Amino acid sequence: MEKIFNHLNESQAAAVKQTEGPVLILAGAGSGKTTTIISRLAYLIEVVGIPASNTLTLTFTNKAAKEMKERSLSMIENVAYPPLLCTFHKFGLLFLKFNIHLLKRANNFVVIDTDDKKRIIKKINSELPTPLIASEISRYKNSLMTPDDAYKQTELFSYKQIAEVFAEYEKYLLENNLVDFDDLIALTYKLLDENPELAKATSQKYQYIMIDEYQDTNELQFKLLQKLCTVHNNLCVVGDDDQSIYGWRGAHIRNIMEFDQDFSGTHVFKLEENYRSRAPILKVANALIEHNRSRLGKKLIATRGNGDDVTTLNSNDENEEARKVAAKIEKLLESGVRAREIAILYRVNVLSRSVEEGLNRYGINYKLVGGLRFYDRAEIKDLISYIRVITNHHDDFSLKRIVNKPKRGLGKASLDKIELAAQKKGTSIYEYITQAPMEELEGLVRKKNAATLKEFAKNIQEVAGIAQASTYEFIDALEETFSLKDIYKNMQDGQERILNIDEFYGLFRDFVKKSPQSSLDEFLNELTLQSEQDQVEGESIYMMSIHASKGLEFEHVFVIGMEEGFLPLTGDGSDLEEERRLGYVAFTRAKETLTLCHAGSRFYKGRRSDLEKSRFFNEAGLCKGSLKCEKNTAFKKGDLVRHKIFGTGRIIGVSKSGREFKLKINFAGTKRDILASFVEKL
DNA sequence: AACGGCATCTTTTTT
DNA sequence: AGATGCCGTT
């Protein structure tokens, strides 16, 4: 008991103790959110006496789940079964394994990733852009729409077409017993919705539910949570409306804004004490986010005392910016700061390029986080396809991916012929290759290739036999039989690919060591749900998008590209309030110092364009008393501006007052003199 | 079947 | 600019 409350402040402790009923914990950046969740879990299990198996804690990323698991293990003692703590999708996977038979489907389904999904779509329709169809299908599934619903909903021909692709896509998944990411949640919901008894039983099993990063949930996840709360309302959600930065991906900020209306009798706790950043950093972050209208209202209170002022770094172009940032970082490193405590953040990934060059010139090592993920690399996906075919020879989808890797002379034309022949016989491609007489195969493809195909099928079977006997020997047998590394031996970026393959082999061996009794099947599904491999700790600084930085912290943070058009990013579909939240997330990553950089022009999309300093400098209160800053904001007669108290008005005159500009503004007929830093341009 | 040249697009990203 | 994708040529 003491151990649990030792490290908690008052509001954290209060939130931990409120175990019953709906609970909303508004956890500001750096306010000890994870500590609170873990403590609450420990309190439920160790003090209240709830069996660990009756709790459920859901996160969005594997990383968060992993961190919480590790930290909870050190806090919870004597637990026969560890509490279920996993991602939403993992929960869906587990649930479907036990219950998908109710949808008349076998539970040996395979989870496909976004790339697989796109390949399937592309095969069905190559006219419309695949990513569009993919995202529309995702949207339909998240709205629980059937292809039929989607078809009826629209009058547009192209969208009717998309609905038709959706129908065929669903048919394909069903026929091959595949499940996509959206299905993991949607089918789980469907099962609970159509089987009230199952919903009741599931809700009874998970009596205490906690959700991390609640501001990132979408509508379907919300509905799923409602089902899980069929027989109780012990739902505790933790999140921060000010850090909702995934609206563009369907996250429903409404969920957190209106939680207390969705669940009556909600207890609200605000965690506002910040244990991360120095006071000046928090001041700037608070000032910025206060400009958002749609928020629950929360202020970060500094506990770490005063520190350096937030610095603005002004450059003419991106090269100057890169030099200045690199020089500053070099100084920090010389003063003994560890490299991993320094991060460069940006709104758009392309902005990393110029800074990379600067860092290289200064000989500073950096690590790019994000970009192409390990499991998305073609060579790794090929390997996974090999393993899939070995576990399930009838997985035509994966087989087609690898049948010509390494080259076996099987191009599109030959493959189509084989596939057609297999379809006619009603068998899988693998089965067709093994069973068709040699003469028949030779009628379809070249003699030499027919033999290669037979050999390929034989090899698959052989390696499958080895896998069954010993997962230990499997990986070596795979490489020996198919020489997958040789494919890349003579390619330009081949060495890197071979290294990736070796890394994958290493990961596989680790998996086997950790759970020797597991089948390849389990390994595969685990893999599909896995995101990035753990970033290796090294002596290099970090560079990443603001999105990727969420949840992390660094002593020294540089935000580059703070210009209109980059942060905030403008254009169709952009949401100024979400951009502001992005700024807020970026600022609150910093523990000791925060440096905000902007450049007068950048080379972007093939041409150089002039840029205005971001309005966020003004909003964050970083412009007071400085004329230099006003130059870029360029208030002029006729501009519409907003004042926090007087509302919207039009500038009718500009004059200088000391070091600042004074504006004469017409607010709905009332003319007032206002200092420029107190209004924002509309 | 494989390669190379031309056109097109360009925010953020997890599962 | 740079990556990706499609199509036509070899």
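Residues numbered from 1 in each chain as written. Chains lettered and ligands numbered in written order. Predicted model: local features only at pLDDT ≥ 70, side-chain atom pairs only at ≥ 80, totals over all residues. Heavy atoms only, no water.

**Describing the confidence of the model for chain A**
Selection rule: Values of pLDDT, which run from 0 to 100, indicate the predictor's confidence residue by residue. Contact between two residues is taken to exist if any of their heavy atoms lie within 4.5 Å; hydrogens are not considered.
With 95% of its residues at a pLDDT of 70 or more, chain A shows a mean pLDDT of 87. Here residues 625-629 scores under 50 on pLDDT; set against residues more than four positions off or in separate chains, the count is ten contacts.

**Comments concerning unusual backbone geometry**
Applied cut-off: To qualify as a helix, a DSSP run of H or I must reach at least 4 residues; to qualify as a strand, a run of E must reach at least 2; elements of each kind are numbered from the N terminus. Categorising residues by exposure relies on relative accessible area from a 1.4 Å probe, with only protein chains included: less than 20% of the type maximum marks a residue as buried, more than 50% marks it as exposed, and the intermediate range marks it as partly exposed.
Here the bond from Leu567 into Pro568 is cis, since omega is 5°, no more than 30 degrees from zero. Residue position: Pro568 is located in the loop between strand 15 (554-559) and helix 28 (576-587). Phi is positive for Asn177, close to 50°, though the residue is something other than glycine. Locating Asn177 in the fold gives a position in the loop between helix 9 (157-175) and strand 5 (178-179). Since its relative accessible area comes to 15%, Asn177 is described here as buried. One non-glycine residue with positive phi stands out, namely Glu213, at about 50°.

**Things to note about the environment of Val654**
Structurally, the position occupied by Val654 is in strand 19 (residues 647-657). You can call Val654 partly exposed: its relative accessible area is 38%. Each C-alpha atom, one on Val654 and one on Lys637, is 6.8 Å from the other, the two residues being 17 residues apart in sequence. Apart from the residues within four sequence positions on either side, Val654 is in contact with Phe635, Lys636, Lys637, Phe661, Lys662 and Leu663.

**Description of the packing of helix 10 (residues 181-194) against helix 12 (residues 219-228)**
The line we're drawing: Axes here mean lines fitted to C-alpha atoms, for a helix over just the part in contact, with angles spanning 0 to 180 degrees between N-to-C directions. Two helices crossing with the near one rotated counterclockwise from the far one by less than a right angle form a left-handed crossing, whereas a clockwise rotation gives a right-handed crossing. Ten residues, namely Ala, Val, Leu, Ile, Met, Phe, Trp, Tyr, Cys and Pro, are considered nonpolar, four, namely Asp, Glu, Lys and Arg, are considered charged, and the remaining ones, Gly among them, are considered polar.
Two elements in contact, helix 10 and helix 12, have axes whose closest approach is 10 Å; the angle formed by their N-to-C orientations is 35°. The handedness of the crossing between helix 10 and helix 12 comes out as left-handed. Counting all contacts with helix 10, which are made through Ile185, Ala186, Thr188, Tyr189, Leu192 and Asp193, the residues of helix 12 involved are Leu220, Gln221, Lys223, Leu224, Lys227 and Leu228. Of the residues in the contact of helix 10 with helix 12, the class split is seven nonpolar, two polar and three charged.

**Some remarks on the domain arrangement of chain A**
Here is the rule we go by: Where each domain begins and ends follows an automated or database-derived domain assignment.
Assigned domains of chain A: these are domain 1 (1-93 + 187-271), domain 2 (111-176), domain 3 (301-365 + 536-620), domain 4 (376-517) and domain 5 (639-681). Centre-to-centre separation of domain 3 and domain 4, based on C-alpha positions: 45 Å.

**Thoughts on helix 17 (residues 352-361)**
Along helix 17, the residues that are buried comprise Ser352, Ser354, Val355, Glu356, Gly358 and Leu359. Elements that come into contact with the buried residues of helix 17 comprise helix 16 (318-334), strand 12 (342-346), strand 13 (366-368) and strand 14 (541-545). Gly363 lies just past helix 17 and shows a positive phi near 70°.

**Here's the deal with the pattern of salt bridges**
Our working definition: For this document, the term salt bridge refers to a Lys or Arg side-chain nitrogen within 4 Å of an Asp or Glu carboxyl oxygen.
Summed over the entire model, instances satisfying the criterion amount to 43 salt bridges. Between Asp216 and Lys550 there is a salt bridge, with the nearest N and O atoms lying 2.8 Å from each other. Of the two residues, Asp216 is situated in the loop between strand 6 (208-211) and helix 12 and Lys550 in the loop between helix 27 (546-549) and strand 15; the sequence distance between them amounts to 334 residues. In terms of burial, Asp216 and Lys550 fall into one category: buried.

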